[in-house]
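Single-letter residue listing:
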Amino acid sequence: MGTIHPDRIYDNSKAKPGDSLILTKKIGTGIVSTGVKRKVCSDVVIEEFTLSMAALNKRASEIMSEIGVSTATDITGFGLIGHLSEVLIASKLRARLYPAACPSLMMP
């Protein structure tokens, strides 16, 4: 818990036409987490996963404030598609994703 100035709050409903999607970490932590529990991941994947999960989002947050973003969301729980859908519905927009351009953790 903490406090924040009202002008520094980002929500997921203000995306604008032409906005770019910026991922601050690789996607795939949910599937890799499941793979780790089932013991099907290589040590290389586990290391990358662990480092990603331990990395703070502080610098990404600072950059967001510096450049000015229209909207923001996390992609935990419902993944990229689930959270992007929430943003698009709330903002009354559509998007095109290019999977090859989305950084992801590799399995196994």
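So, a few notes on the structure that sits alongside this text. (Residues numbered from 1 in each chain as written. Predicted model: local features only at pLDDT ≥ 70, side-chain atom pairs only at ≥ 80, totals over all residues. Heavy atoms only, no water.)

**Quick look at unusual backbone geometry**
The bulk of non-glycine residues show a negative phi, and the bulk of peptide bonds are trans. For the record, the criterion: Relative accessibility decides the category of a residue: with a 1.4 Å probe and only protein chains considered, values under 20% of the type maximum give buried, values over 50% give exposed, and everything between is partly exposed. The helix and strand labels rest on DSSP assignments: H or I over at least four residues marks a helix, E over at least two residues marks a strand, and numbering proceeds from the N terminus.
In this structure, Lys39 takes a positive phi of about 60 degrees despite not being glycine. Classification of Lys39 by relative accessible area gives exposed; the value is 75%. A positive phi angle, close to 55 degrees, is found at Lys92, a residue other than glycine. Along the chain, Lys92 turns up in the segment after helix H4 (79-91). With a relative accessible area of 74%, Lys92 lands in the exposed category.

**A closer look at the side chain of Ser91**
Put simply, the rule is: By the criterion applied in these results, polar contacts are pairs of N or O atoms within 3.5 Å in which, for protein atoms, one can donate a hydrogen and the other can accept it, and in which residues neighboring in sequence qualify only through two side-chain atoms. When checking whether two residues touch, look at their non-hydrogen atoms; a contact exists if any pair is within 4.5 Å.
Note that Ser91 resides in helix H4. Overall, Ser91 belongs to the buried group, its relative accessible area being 13%. Here the side chain of Ser91 touches Ser13 through a polar contact of 3.2 Å, landing on its backbone oxygen. Setting aside residues no more than four positions away along its own chain, Ser91 makes contact with Asn12, Ser13, Lys14 and Ala15.

Spatial relationships are all this shows, so hold off on functional conclusions.
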